[in-house]
Amino acid sequence: MTSLSGTATLPARRLGALTVSAQGLGCMGMSHGYGASDDAQSIATIHRALDLGVTLLDTADFYGSGHNEELIGRALAGPRREQAVVATKFGFANRLGEPTLIRGDAAYVRQACDASLRRLGVDHIDLYYQHRVDTTVPIEETVGAMAELVAAGKVRHLGLSEASARTLRRAHAVHPIAALQSEWSLWTRDLEAEIAPVCRELGIGIVPFSPLGRGFLTGRYTSVDGLPQDDVRRTQPRFAAGNLERNLSIVETLDALAAEKGVTVGQLALAWVQHRGADVVPIPGTRREKYLAENLGAVTIELSADELSAIDAAAPAGGVAGTRYDERSLAVVNK
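These lines cover the structure that appears in this document, whether it is placed above or below. (Residues numbered from 1 in each chain as written. Predicted model: local features only at pLDDT ≥ 70, side-chain atom pairs only at ≥ 80, totals over all residues. Heavy atoms only, no water.)

Re the overall build of the protein chain
Under the convention used in this document: Secondary structure follows DSSP: runs of H or I at least 4 residues long count as helices, runs of E at least 2 residues long count as strands, and numbering of each begins at the N terminus. Only protein chains enter the calculation, and the probe is 1.4 Å; a residue is then buried if its accessible area is under 20% of its type maximum, exposed if over 50%, and partly exposed in between. The contact criterion used is simple: two residues touch if any of their non-hydrogen atoms lie within 4.5 Å.
Looking only at helices and strands, the protein chain has 11 helices and 9 strands in total. Seen through its principal axes, the protein chain has C-alpha atoms that stretch 55 × 40 × 40 Å. Counting every position in the protein chain, which comprises 335 residues, the buried fraction comes to 57%. Restricting to contacts in the protein chain with at least 6 residues of sequence separation, those with at least 24 account for 77%.

Details of the packing of aromatic side chains
The condition that has to hold: Each Phe, Tyr or Trp ring (for Trp, its six-membered ring) is paired with any other whose centre lies within 6.5 Å, and the angle between the two planes then decides the class: stacked below 30 degrees, edge-to-face above 60, tilted in between. Geometrically, a charge over a ring is one whose NZ (Lys) or CZ (Arg) sits within 6 Å of the ring centre while staying within 35 degrees of the ring normal.
Counting across every chain of the model gives 5 aromatic pairs. Their ring planes at 35° and their centres at 5.0 Å tell us that F90 and Y128 sit as a pair that is tilted. A residue pair is termed long-range when its members are at least 10 positions apart, and F90 in strand β5 (residues 85-90) and Y128 in strand β6 (residues 125-130) qualify at 38 residues. Of the residues examined, Y128 reaches a relative accessible area of 0% and is grouped as buried. Aromatic pair W187 and F239: ring centres 5.9 Å apart, planes at 85°, arrangement edge-to-face. Here W187, found in the loop between β8 (177-183) and α6 (195-202), pairs with F239, found in the loop between β9 (205-209) and α7 (243-261); they are 52 residues apart in sequence, far enough to count as distant. The buried category is assigned to W187, whose relative accessible area is 7%. Geometry around Y291 places R220 over its ring, the cationic atom sitting 3.8 Å from the centre. Just above the ring of W187 sits the side chain of R238; from NZ or CZ to the centre is 5.0 Å.

Observations concerning helix α1 (residues 39-51)
To keep things clear, this is the line we draw: Here the expected span of a helix is defined as 1.5 Å times the quantity of residues minus one. Of all possible arcs, the one meant is that of the directions from the helix axis to the C-beta atoms. Each polar contact in these results corresponds to two N or O atoms within 3.5 Å; when the atoms are within protein, one needs to be able to donate a hydrogen and the other to accept it, and residues that are neighboring in sequence are counted only if both atoms are side-chain atoms.
Taking 1.5 Å as the rise per residue, α1 with 13 residues should run 18 Å; its terminal C-alpha atoms sit 18 Å apart, in good agreement. All of the buried residues in α1 are S42, I43, T45, I46, A49 and L50. Down the axis of α1, the buried side of the element spans an arc of 155°, and every buried residue falls inside it. Its buried side turned inward, α1 meets β3 (25-26), β4 (56-58), α2 (67-75) and α9 (289-297). Of the residues flanking the start of α1, the one acting as N-cap is D38, its side-chain oxygen 3.1 Å from the backbone nitrogen of A40.

A closer look at the sheet that holds β4
Filter applied, for reference: A pair of strands is considered paired only if DSSP assigns at least 2 bridges between the two.
Read across the open sheet, the 7 strands follow the order β3-β4-β5-β6-β7-β8-β9; overall the sheet is parallel. Looking at strand neighbours, the two that pair on one side only are β3 and β9, the edges of this open sheet. The pairing of β6 with strand β7 (residues 155-161) spans 5 bridges and is classified as parallel. Following the sheet pairing, Y128 is matched in β7 by L158.

Overview of the pairing of strand β2 (residues 18-21)
Judged from the 4 bridges that link them, strand β1 (residues 12-15) and β2 form a sheet pairing that is antiparallel. By the bridge assignment, R13 is partnered in β2 with V20. The turn joining β1 and β2, which pair antiparallel and follow one another in sequence, is formed by 2 residues; a positive phi near 60° is taken by G16.

Observations regarding the side chain of D279
For D279, the location among the structural elements is in the loop between α8 (265-274) and α9. According to the relative accessible area criterion, D279 is buried, its value standing at 17%. Looking at D279, its side chain comes within polar contact range of the side chain of R200, at 2.6 Å. For D279, the contacting residues outside a window of four places in its chain are R14, L15, R200, I204, G205 and I206.

Re the state of the cysteines
Filter applied, for reference: Counting rule for disulfides: a pair of cysteine sulfur atoms within 2.5 Å.
The final tally for this structure, using the stated rule, is 0 disulfides. There is no disulfide at C113, and the cysteine sulfur nearest it, in C27, is 18 Å away.

Observations regarding α9
In an α-helix, one turn spans 3.6 residues, which is why side chains three or four residues apart end up on the same side. In terms of burial, α9 is a largely internal element, 7 of the 9 residues being buried. Taken as a whole, α9 has its buried residues at Y291, L292, A293, E294, N295, L296 and G297. Of the surrounding elements, those touching the buried residues of α9 are β3, α1 and α8.

Brief notes about the pairing of β6
Condition: Handedness of a crossover: with both strands directed away from the viewer, a clockwise path from the first strand across the helix to the second marks it as right-handed.
Here β6 lies mainly inside the structure; 6 of its 6 residues are buried. In this sheet, β6 lies alongside β5 in parallel orientation, the contact comprising 4 bridges. The residue bridging T88 from the neighbouring strand is Y128, located in β6. Following the backbone out of β6, through helix α4 (residues 139-151) and into the adjacent parallel β7, one traces a crossover that is right-handed.

Here it is as structure tokens:
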């Protein structure tokens, strides 16, 4: 297994005009989605990530209804703030309520930003994303309000999450968009046909979330039975009976390729994402230092053209059983 130890500096990559480490840390699971978490353990993992050269920390006001931002604020208190590029998101106005309420109106953008600044305990947000596009509000209004936050010094760079190619073009015409955050992994590749090329055309970096397929591509999950009752994977089609078994066969094939390479299957899958381009900065999430070191080891794994072809053959686009979200969640992506 390839890993990092001691204090390290990771290679740098660019998201538009923003320079960050080649891999970031997704912090959602420290507060949301995957069962109970331990704040002390999470903060220790954040500190270890910073020590190992990670600069990009990703959160959102939605995660844990604000708890995740507060957690990161505690982790970055004092001189640690200077080590981190803090990315957060707004847009889910009702937090965990039903039905999903997405807001992108100018008044809400300003309100959400001020609330995030308070929870994070910082004077500016380095990268501010719209979490999901509000289809009832012109993207020009939303990004215009976000641009006002840049002018006011509250935000440094702008991003969108799960936006379509058309929306990216319209948004970028209002203010430069540094990054698009969307799901991208060996089992989620829908942005490759149209969205990624537009990002490259406009100079927008890509930040893949769930680059390990919500942990499935690590090979650690063969059933949902051991997952907490409130774990989001229990509701996702790819983890459902029938689909799960078919998807496990993909992981088994990848595992054989990883063994030949002398790395873990998770590292192989993550290295594949790292090889998508110099403008790609994946943000695998973990609450544990052990898995943090394993994930960061993928940054330095070199894959030949033949190895990349073998990986693509093992996990071809469209070969995964089941959609990545249920119908309600799918309705608000790539808009």
